[in-house]
Amino acid sequence: MTFRSSWVNICSPNYRHLLVAAHPAPAHPLLRVWRHPLLEPFNRASSWDRLLGLANPAWSLSEPRARVVDTVDEAPGVKSVWLKPNARFRGFRAGQHTLLELEVDGARHARCFSFSHAPRRDGLLRLTIRHKPEGPVSTAAHALHKGAVVRLGQAQGDFALPAGEQPLLMLSAGSGITPMLPMLQLLADAHQATGVGRDVVLVHSGRNEAETVFANELRELARRLPSLRLHLHESARAGRLDAGAIAQHVPDWARREILLCGPDGFMRAVEAMHTQAGAGTRLQVESFGRRQHVARPDAERHAVEWEVGAQARTFTVESGQNLLDAAEAAGLQPRFGCRRGICHTCQCRKRSGIVHNQLTGRLSGPGEEWIQLCISTPLSDIELAP
């Protein structure tokens with residue numbers, strides 16, 4: 001093993017899950033020497049990242065970063081950001097998403113976004129983001145300019161084209177079109193290469209023609225893939241896309257493999273429709289792996305699911321108890337320092353749920369963001385990752 005590969009493996013974020021495992025394996029002798037306090041700050045990837053960042057902000061030994069190469073206004077309030085990732089990014093599959101991390105008022109905020117274009121030979125990534133005035137990440141993303149550098153997570157998610165040639169139905173609304181596009185692009189490319197096209201129906205709902213994201217791109221895909229039937233549903237004119245409208249557009253919907261993505265209420269309605277028809281097993285849903293948890297501030301306790309490597313540990317947190325104390329009581333060993341919200345040693349990623357910051361009094365959003373365990377008390381069920 002070369003020094004460089006040892007450095008990357010030791011400092012990689014993928015290694016950090018060992019620090020919070022309930023029964024961590026004995027550290028390798030080289031690792032124990034490397035982590036000795038006398039070697040600080042040379043044994044911290046963050047120190048080298050800061051040094052490399054002076055030469056090029058996109059360079060990093062430990063984390064994926066990307067430089068903005070272009071921004072495109074797709075529809076009112078919707079912008080695509082084209083990114084060139086560094087060598088730490090390992091690529092993605094059509095249908096997956098990434099965690100985009102931006103700095104807002106000195107704090108790191110993150111949110112998941114689907115890749116809205118299939119993998120390209122030049123390695124460029126496209127994220128398409130709808131601006132939400134109350135969302136710090138979407139607001140900051142809409143302010144990005146060419147040359148800016150952002151942090152990315154590795155690609156996540158199992159949302160993907162079902163194998164085989166079974167007829168396929170794609171149902172989406174609003175920004176839910178973004179993971180569908182890369183799959184349709186792959187199908188169109190395959191048709192042009194082989195002359196064979198899969199039977200696909202896409203029903204996508206937008207408020208009107210002007211606010212339907214990628215309407216022209218979808219029509220071009222339908223031209224390239226003749227076996228694709230495209231239905232663009234305008235909710236302002238035809239009402240919400242519900243079970244009746246879906247059945248009208250696609251009478252044979254119940255026998256198709258189904259991909260679903262969109263606002264939470266829309267997806268719940270479609271899920272209920274398929275469950276009632278006994279077709280739920282053929283339904284694949286993309287909600288970035290998570291659904292919004294409901295805040296229950298009066299509850300006596302909340303459940304916490306903590307991703308530890310390839311496994312997940314579950315424990316409960318009593319009302320008013322911070323996450324660090326609860327994790328330790330459950331036998332986990334998260335990193336910590338001051339236990340007062342100052343040092344940020346216990347910072348980790350909240351994947352879903354709502355927490356109360358005891359230091360500032362602020363409530364988090366329901367989605368992904370960085371929190372400090374020692375000053376965060378949950379107001380709903382929580383999902384955490386190192």
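Definitions and cut-offs
Residues numbered from 1 in each chain as written. Predicted model: local features only at pLDDT ≥ 70, side-chain atom pairs only at ≥ 80, totals over all residues. Heavy atoms only, no water. Buried < 20%, exposed > 50% of the residue type's maximum accessible area, 1.4 Å probe, protein only. Helix = DSSP H or I, 4+ residues; strand = E, 2+ residues; numbered from the N terminus. Right-handed = clockwise from strand over helix to strand, strands pointing away. Pairing = 2+ DSSP bridges. Contact = heavy atoms within 4.5 Å. Polar contact = N/O pair within 3.5 Å; in protein donor to acceptor, adjacent residues only side chain to side chain. Axes fitted to C-alpha atoms, helices over the stretch in contact; angles between N-to-C directions. Phe/Tyr/Trp six-rings, centres within 6.5 Å; stacked < 30°, edge-to-face > 60°. Salt bridge = Lys/Arg side-chain N within 4 Å of Asp/Glu carboxyl O.

A. Layout of the pairing of strand 7 (residues 168-173). The buried fraction of strand 7 amounts to 6 of the 6 residues, a majority that puts the element mostly inside the structure. Burial of the side chains of strand 7 extends over both faces: Leu168, Met170 and Ser172 are buried on one face and Leu169, Leu171 and Ala173 on the other. Handedness of the β-α-β unit built from strand 7, helix 5 (residues 180-194) and strand 8 (residues 200-206) comes out right-handed. With 5 bridges connecting them, strand 7 and strand 10 (residues 257-261) associate as parallel partners. By the bridge assignment for strand 10, Leu169 is matched with Ile258.

B. Inspection of helix 6 (residues 215-224) at higher detail. If you check which residues of helix 6 are buried, you get Ala215, Leu218, Leu221 and Arg224. Residues of helix 6 that are buried make contact with helix 5, strand 8 and strand 9 (228-234).

C. Highlighting the side chain of Thr98. Assignment of secondary structure puts Thr98 in strand 3 (residues 97-104). A polar contact of 2.7 Å, which involves the side chain of Thr98, links it to the backbone oxygen of Gly153. Apart from the residues within four sequence positions on either side, Thr98 is in contact with Arg111, Cys112, Phe113, Phe115, Leu127, Leu152, Gly153 and Gln154.

D. Summary view of the sheet that holds strand 7. Strand order in the open sheet formed by 5 strands is 9-8-7-10-11, with parallel pairing between adjacent strands. Either end of the sheet is taken by a strand with one partner, and the two such strands are strand 9 and strand 11 (283-286). For this sheet, the mean angle separating the axes of adjacent strands, direction not counted, is 15°. In this sheet, strand 11 lies alongside strand 10 in parallel orientation, the contact comprising 4 bridges. Bridging across to strand 11, Leu260 finds its partner in Val285. Relative to the sheet, helix 5 contacts strand 7, strand 8, strand 9 and strand 10, its axis offset from that of strand 7 by approximately 145°.

E. Spatial organisation of the packing of aromatic side chains. Scanning the entire structure with this criterion turns up 3 aromatic pairs. Arranged with centres 4.0 Å apart and planes meeting at 20°, the rings of Phe92 and Phe115 form a pair that is stacked. Of this pair, Phe92 sits in the loop between strand 2 (78-85) and strand 3 while Phe115 sits in the loop between strand 4 (107-114) and strand 5 (125-130); the two residues are 23 residues apart in sequence, bridging distant segments of the chain. The residues Phe92 and Phe115 share a single accessibility class, namely buried. Taken together, Phe89, Phe92 and Phe115 form an aromatic cluster joined through their ring pairs.

F. Summary view of the side chain of Lys79. On the secondary structure map, Lys79 appears in strand 2. Given the relative accessible area of 15%, Lys79 is considered buried. Of note is the side chain of Lys79, whose polar atom sits 3.2 Å from the backbone oxygen of His142. Sequence-distant contacts of Lys79, defined by excluding residues within four places in its chain, comprise Thr71, Val72, Asp73, Glu74, Leu127, Thr128, Ile129 and His142.

G. The pattern of salt bridges, seen in detail. In this structure the tally under the stated criterion is 21 salt bridges. Across the salt bridge formed by Asp122 and Arg120, the nearest N and O atoms sit 2.6 Å from each other. Arg120 sits in the partly exposed class, given a relative accessible area of 32%. Across the salt bridge formed by Glu300 and Arg301, the nearest N and O atoms sit 3.8 Å from each other. One salt-bridge network, held together by shared partners, links Glu63, Arg65, Glu101 and Arg151.

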